[in-house]
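# Remarks on the overall topology
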Protein chains: 2
Amino acid sequence: MALIVQKYGGTSVGSIEKIEGVAKKVIACQQQGNQVVVVVSAMSGETNRLIELANQINEVPPAREYDVLVSTGEQVTIALLSMAILNQGSKARSYTGGQVHIRTDNSHTKARILDIDEAKVRKDLDEGNIIVIAGFQGMDEDGNITTLGRGGSDTTAVAMAAALKADECQIYTDVDGVYTTDPRVVPTARRLDKVTFEEMLEMASLGSKVLQIRAVEFAGKYGVPLRVLHSVEEGPGTLITYENEGDSMEDAVISGIAFNKDEAELTISGVPDHPGIAYQILGPIGKANVEVDMIIQNVGADGCTDFTFTVHRNEYQKALEILKKTAKDLGAREVSGDDTIVKVSLVGVGMRSHAGIASTMFEVLAKENINIRMISTSEIKISVVVDEKYMELAVRTLHNAFGLEEKPAA
Amino acid sequence: MALIVQKYGGTSVGSIEKIEGVAKKVIACQQQGNQVVVVVSAMSGETNRLIELANQINEVPPAREYDVLVSTGEQVTIALLSMAILNQGSKARSYTGGQVHIRTDNSHTKARILDIDEAKVRKDLDEGNIIVIAGFQGMDEDGNITTLGRGGSDTTAVAMAAALKADECQIYTDVDGVYTTDPRVVPTARRLDKVTFEEMLEMASLGSKVLQIRAVEFAGKYGVPLRVLHSVEEGPGTLITYENEGDSMEDAVISGIAFNKDEAELTISGVPDHPGIAYQILGPIGKANVEVDMIIQNVGADGCTDFTFTVHRNEYQKALEILKKTAKDLGAREVSGDDTIVKVSLVGVGMRSHAGIASTMFEVLAKENINIRMISTSEIKISVVVDEKYMELAVRTLHNAFGLEEKPAA
C-alpha cells in the first residue's frame, strides 16, 4: 500500500463542481489501494477577496492579522472538499495547518516550516480516512497562525510528504508536465517523463513556473519524489526525482532549455583590481535588497578590471543609481547597462564534464549570428545572455540542435 | 482598572465601515482606563454564504466539517477588527476559539463550553493589547474545531468574562436595553436600568429576544454582570445582575410583562387519576422531541382528572396526534386543543410572597372581560394563557395597572 500526497491549487478547487471533481479523483486514488493525503489552496479569487477587505482598512495590513485573515481561504476549501468526499461515500477528515502541527517560524506572511508532527495524520490514515489539509499555513511556537507566502501550498504538500515518508507527492496544475522548453516558443517541445530535482530547480528559477522553487528544494532535500500532473486531463505527468531520462548519471543529457526575459545587465568598467573589489561593488546593491543573478568579472589590463552582473528588470534603475554612486567612490571609468537582454540556459545533469556541449552551443548560436554578451556555467547548466530580440531564435535553434524533440534512447 | 468584555453581533460588524466604528468604540473603552476583550460574530450574511456553499454539496452537511467551514466567518472578523484597531493606533491581537483554549465537548454544531484557559489573554492584556476573540467557536479535547450553535457568540463573551473575572460583560445589540414590555405593543414601555438574571431568563424565554437564554444562565451561574447596549446609539443600556431596580429583595417589584405568541394548548380529559399518569401522558410527547412548556393538572371527580399542557405552535399537530393515541391507550374521555392562544406573564423578583399581585392581575383582566384559560406561577412570575385576540389588551392593561411606565422610587 502506497502513501500518496496530492496537491490541488486554487483553480482546481475554484467551484463546488470542481471540488466534487477533485473528490472523485482523490477517492479513485484511494480505491487503487493507496493511503491519500490531499493538500488544497483557497478557491480561486477567495484570497484576493480577503486581501481587498483588508486593504479597505489598511494598504499594508499588519502581518499577524493578515495571516489570521487569509488562512480562512484554505480552511473553507478543506471543509468543502471533505464534505464532497464524505458525500461520495469515502471517509475524510479536514485539518488546518495548526491542527496537524505544521510548526513554522514566526515570519508572518512568509513563514518557513520547521517541523511537522505527523502522528495524528498517520492514525487517521490507518483508520481509512482521506486526510484533507489546508495548504499555505502553519502555526508558530506560540500558537499564532502563520502563512507561507504565495505558492506555499506546494511547500505544504512536499513537507507533509517528507514527514509521512510518502511514496509520491503529486502536484496537480494546469499543465500536464514539465517540457523541454516553453511549447509556445518551440512547438516541438516535448513533455519529459523524468527530470532531476537540480534540473527542475534551474528550469523553475529560469522561468518555467510550473512549481514553486521552494517546494522543489524541499523535495530534493528530503528525497520526496514529486510528480507534476494536469488537474483535469489524464496522463503520467513528469516525475521529479534523483534521476532524469538518461540511463545513468554519466550520460550528458540535456533535459531542457530555460529562458528568462526579466533580466537586465549592468557593467562597471575600469575599477582597480584588488581583493575585496567584488564586495565593494555588490555590497551596496545587496543592502538595497536587489537580488543579483549572474556575476562575471573579467581579468583586466593595467591593474584594472571590468565587472558585470544581472538583476531583475524591475530593479534595473535602482541598481543603476547605486552603481553610479559606487563608481564615483571607487574612481571607476564607466558605468553602463542594458535592460533589453535575456538569459537562455541549457539545463542537464552531467553536462559540465562534457566539454563538447558548451562548444556546440556557442557554435550553433554563432551560425545564427547571435552575439553572446555573457556566459556563465554551473554543474548542470550553461547560461548565455543575448539581446532580447534573439530569444525565440536562440531557444528554437538550441532545441533543434540538441534533438530535444526526441526522447533519448533508454 | 476595570476589565470589560464586549460583544458585537453580525449586524454590528456587517461592513468595513461598521468594523471601523466598532474599533473606535473599543478603543474609547480602553482609553477610559479599562482592559478590553472583544468577542465578535461573523459579518452578517457570511455564515449564510458559507452554509449555501455546503448545501450545494449536501443538504445536511457532516457536522465536523460544517464547523470547520462556518468557523471561518468569525475568523475573518477578528482579523479585520484587529487591523482596524491597529490602524487607529491601539495595540490588538486576534484569537480563534481554539487559540485561547475555549475547550468544548465534541457535540459539533451545538457544543458546550467546558473550560477556558485565560492565561494567554491576561498576559496580552497586561501588555496593553485589546484582545479580539472569535465568538461561537471552540475546540474539543482532540483539537477538532467546534461551534456553539446560533447565538453562541453571546455565550463566548460571558464565558470569557467568567474566566477572566471581568467587571462587566457588555452585549451590543440593535436595541438600547431591556424594556418593561415590547414597546411595539405598549408605547409607554420603559427601559429598565437593572434587572436580575432570573427575571431576564423569564423575559428571554417568554419572547424578549434580546439575549440568548444560555448566555444569561451562564452569566447568572458565574455572577458575571451583563449589560445590554445599543451598538450605535450612546446610552447606559440595561444591567443584568443579582439586583433589580427595587431597593431590596423584599420589595415586590414587577420588572416587566413578557408574552409569547408561539404557544398552543392541548387537553386530555377524563383520564384515570393514578400515580404515574403524568408520565404516561407526557412520556410519548417527550420521546418525539416536542418540548412542553406549561403543565396543569386539575383535581378531578370520579377518580378521573383533566390534564392540560402547552407546546410550541409549530409542534401542535404532531403533539395532537400523539396525544390522541395516548388517550386511546388510557381510555381517556376526550382530547381537545387550541393553537390560537398566547401566554402573558408578569415577571418580578419576590412577587410570590406578595399575594396581592396575583389577585390584582386577575382583577384587571376580569374587568376587561379577558377570560383566563390557564394559570401558572413560579417564584418570579405569574403566567396566564388567554385567547390570542386579547394579547395586546392584556399586556397594555397590566402594564398600566402595575405602573411600569414609571421608575420605582429608590
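Presented here is a report on the structure given in the accompanying data block. Owing to the predicted nature of the structure, the values given are computational and were not obtained by experimental measurement.

A tally of helices and strands in chain A yields 11 helices and 20 strands. At 24 Å, chain A has a C-alpha radius of gyration in line with the 22 Å of a compact globule built from 410 residues. Its C-alpha atoms give chain A principal-axis dimensions of roughly 75 × 55 × 30 Å. Among the 410 residues that make up chain A, the fraction classed as buried is 48%. For chain A, the proportion of contacts with a sequence separation of at least 24, taken over those separated by at least 6, is 74%.

What follows concerns the nonpolar core. In terms of nonpolar packing, the biggest core is built from 240 residues, with Val38(A), Leu81(A), Val38(B) and Leu81(B) touching the most fellow members. When residues no more than four places from it in sequence are discounted, the contact partners of Leu81(B) are Val13(B), Ile19(B), Val22(B), Ala23(B), Val38(B), Val40(B) and Val132(B).

Before going further, it helps to spend a moment on the pairing of strand β16 (residues 304–312) of chain A. Residues and elements named next belong to chain A. Two strands pair when backbone bridges link them, and strand β14 (residues 263–272) and β16 are joined in this way by 8 bridges, in the antiparallel orientation. In the sheet register, Val271 faces β16, and the bridge partner there is Thr305. Across 5 bridges, the pairing between strand β15 (residues 292–298) and β16 is antiparallel. Paired with Gln297 across the bridge in β16 is Phe307.

Here the focus is the sheet that holds strand β6 (residues 130–134) of chain A. Residue and element names in this part refer to chain A. Strand order in this open sheet of 8 strands is β3-β6-β2-β1-β9-β11-β12-β10, and the pairing throughout is mixed. Looking at which strands have only one partner, the edges of the open sheet turn out to be β3 (92–95) and β10 (194–196). Mean inter-strand twist for the sheet, computed between neighbouring axes without regard to direction, equals 20 degrees. Bridge analysis of strand β9 (residues 168–173) against strand β11 (residues 226–230) gives 5 bridges, and the strand direction is parallel. Each bridged residue has a counterpart across the sheet, and for Thr173 the counterpart in β11 is His230. Each of β2 (35–40), β3 and β6 touches helix α4 (residues 119–126); the most contacted strand, β6, lies at about 150 degrees to it.

About the thresholds
- Residues numbered from 1 in each chain as written.
- Chains lettered and ligands numbered in written order.
- Predicted model: local features only at pLDDT ≥ 70, side-chain atom pairs only at ≥ 80, totals over all residues.
- Helix = DSSP H or I, 4+ residues; strand = E, 2+ residues; numbered from the N terminus.
- Rg over C-alpha atoms; globule rule 2.2 N^0.38 Å.
- Buried ≥ 20, exposed ≤ 12 C-beta atoms within 10 Å, placed from the backbone.
- Contact = placed C-beta atoms within 7 Å.
- Core = buried A, V, L, I, M, F, W, Y, C linked by C-beta atoms within 7 Å.
- Pairing = 2+ DSSP bridges.
- Axes fitted to C-alpha atoms, helices over the stretch in contact; angles between N-to-C directions.

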